[in-house]
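Residues per chain, in single letters:
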Amino acid sequence: MDVDTRLLRYFAAVAEEGSLTGAAKRLFVSQPALTKQIRRLEDDLGVRLFARSRSGMTLTEAGTELASRVAVLLDGWDEAVQATGRAARVLRLGFLDAGAVGALPEAVTEFRRAQPEWRVELRQFDWSDPSAGLARGEVDAAVVRLPFPKQESFTVRELFAEERGVLLPARHPLADSEAVEFCMLWDEPFVAAGAETGAWREHWLAAEEQDGHPVTTRPDEWLGAVAGGCVALAPASAARFYSHPDVVFRPVRGVSASRVGLAWSRRRTHEAVLNELLLAITRRLSRT
């Protein structure tokens, strides 16, 4: 029987946290999605792994048996993946959006000239995973927007900052403004990331700049939700890389900038190579 290692990671998180809520926050996934994956694993194995109750998730006898073995299994898999990457000289680099990537393609080209034996694989992730694959061990490093959940668990080097603005429906009364004061948006329905993303959600709602004013939030598809009547804070580069006929971008006064950084796991063995890539990125950014 073949079992997806991601399902095992989800199982391990729920077993350690003792609840779906805690595990969902740790994994940066929604609780319904996590529930579905745990049920899928149980269906694949043909056993119940958890006894569910209002107080949380308790391991069954079968679940306890799996939990006693899964950590060693996943550690062995991680070591195998890392060893394979070292042998193949492959550096997996995650990113979220084209604006955060910035000068990365040119920096990768420069890096490969300095390290011709290494190959860089770029992998894009959606905004439901602010760590761009790092949290689930799917990449060796990632270009991320700061702050992202659990970033203290990673090595992070800040690269640059860019201003944030607001995406508005084209029919919005403020759509023709040259710039918008943030306080004028407080009563608008904001597109928001899921609650499980914690500080990431708060940053993109500019919670600190709202002076305690409650804001309506609607998690949904980004541009589609804005076109439908919501608003969303976004980095200035969004206006260059993303477009929708019913959405406009306007600068916002009164919110902090978006900071972009390169992050990698402290357990990875590619640190010397990542430092070389960081230098290439820094040199490239200094020319822009």
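The structure under discussion appears in the preceding block.
Basis of the calculations
- Here the residue numbers are simple positions, counted from 1 along each chain's written sequence.
- Per-residue local features are limited, in this predicted model, to residues with pLDDT of at least 70; the limit for side-chain atom pairs, both in listing and counting, is 80 or more; totals at the level of whole chains, interfaces and linings are taken over all residues.
- To get the side-chain values, all heavy atoms of the structure are used, and hydrogens and water are removed first.
- Centres within 6.5 Å make a pair out of two Phe, Tyr or Trp rings, where for Trp the six-membered ring is used; the pair is then stacked when the planes are under 30 degrees apart, edge-to-face when over 60, and tilted otherwise.
- A run of H or I in DSSP becomes a helix once it reaches four residues, and a run of E becomes a strand once it reaches two; helices and strands are each numbered from the N terminus.
- Remark: exposure states derive from per-residue accessible area (1.4 Å probe, protein chains only) relative to the maximum for the residue type, with buried under 20%, exposed over 50%, and partly exposed in between.
- Consider the ring centre and the ring normal. A charge sits over the ring if Lys NZ or Arg CZ is within 6 Å of that centre and within 35 degrees of that normal.
- Interaxial angle, 0 to 180 degrees, is taken between N-to-C directions of lines fitted to C-alpha atoms, where a helix line uses only the stretch in contact.
- Roughly parallel here means an angle under 35 degrees, roughly antiparallel means over 145, roughly perpendicular means 65 to 115, and every remaining angle is called oblique.
- The sense of a crossing depends on the near helix, which, turned anticlockwise from the far helix by less than a right angle, makes the crossing left-handed and, turned clockwise, makes it right-handed.
- Residue contacts follow a heavy-atom distance rule, with two residues in contact if any of their heavy atoms lie within 4.5 Å.
- Residues are sorted three ways: Asp, Glu, Lys and Arg are charged, Ala, Val, Leu, Ile, Met, Phe, Trp, Tyr, Cys and Pro are nonpolar, and all the rest, Gly among them, are polar.
- Whether two strands pair comes down to DSSP finding at least two bridges between them.
- Nonpolar cores were defined as sets of buried Ala, Val, Leu, Ile, Met, Phe, Trp, Tyr and Cys residues, with membership established by side-chain atoms within 4.5 Å.

Here we look at the packing of aromatic side chains
And step 1. The final tally for this structure, using the stated rule, is five aromatic pairs.
And step 2. Ring geometry for Phe11 and Phe50: centres 5.4 Å apart, planes at 50°, overall tilted. In this pair, Phe11 sits in helix α1 (residues 5–17) while Phe50 sits in strand β1 (residues 50–53), placing the two residues 39 residues apart along the sequence.
And step 3. We classify Phe50 as buried; its relative accessible area is 0%.
And step 4. For the pair Phe182 and Phe190, a centre-to-centre distance of 6.3 Å together with 80° between the ring planes defines the contact as edge-to-face.
And step 5. Residue class for Phe182 comes out buried when judged on its relative accessible area of 2%.
And step 6. The positively charged end of Arg164 is found above the aromatic ring belonging to Trp204, 5.3 Å away from the centroid.

Side note on the packing of α1 against helix α3 (residues 31–45)
The geometry of a pair of packed helices is captured by two quantities: the angle between their axes and the separation between those axes.
And step 1. As a packed pair, α1 and α3 sit with axes 9 Å apart at the nearest point and diverge in direction by 110°. Comparing their axes, α3 and α1 come out roughly perpendicular. Our pair here, α1 against α3, has a crossing hand that is left-handed. The residues of α3 that touch α1, namely those facing Leu7, Leu8, Tyr10, Phe11 and Val14, are Leu34, Gln37, Ile38, Arg40, Leu41 and Asp44.
And step 2. Class assignment of the residues belonging to the contact of α1 with α3 gives a composition of eight nonpolar, one polar and two charged.

Details of the sheet that holds strand β3 (residues 90–95)
And step 1. Reading across from one edge, β4-β3-β5-β13-β6 is the order of the five strands in this open sheet, with mixed pairing throughout. Two strands close off the open sheet at either side, each with one partner strand: β4 (119–124) and β6 (154–162). When strand polarity is set aside, the average angle formed by the axes of neighbouring strands in this sheet is 25°.
And step 2. Inspection of the sheet shows strand β5 (residues 141–146) paired to strand β13 (residues 258–265) by six bridges, in the antiparallel sense. Counterpart to Ala142 in the pairing with β13 is Ala263.

Topic: the sheet that holds strand β8 (residues 180–181)
The strands making up a sheet associate through backbone hydrogen bonding, with each pair oriented either parallel or antiparallel.
And step 1. Spatial strand order, β8-β12-β7-β11: four strands in an open sheet with mixed pairing. Only two strands of the sheet have a single neighbouring strand rather than two, namely β8 and β11 (232–235).
And step 2. As paired elements, β8 and strand β12 (residues 247–253) share two bridges and run parallel to each other. Considered in β12, the bridge of Val180 is made with Val252.

Section: the nonpolar core
And step 1. With 30 residues, the main nonpolar core has Val166, Phe182, Leu185 and Leu233 as its most contacted residues.
And step 2. Looking at this core, the elements with two or more residues in it are β5, β7 (164–169), α7 (199–204) and β12.
And step 3. Examining the composition of this core, we find that three residues originate from one element, β5, more than from any other.
And step 4. In this structure, Leu185 is in contact with Val166, Leu168, Leu174, Val180, Phe190 and Val252, ignoring residues within four places of it in sequence.
And step 5. If you look at the next biggest cluster of nonpolar residues, it comprises 23 residues, including Trp118, Val143, Val273 and Ala280.

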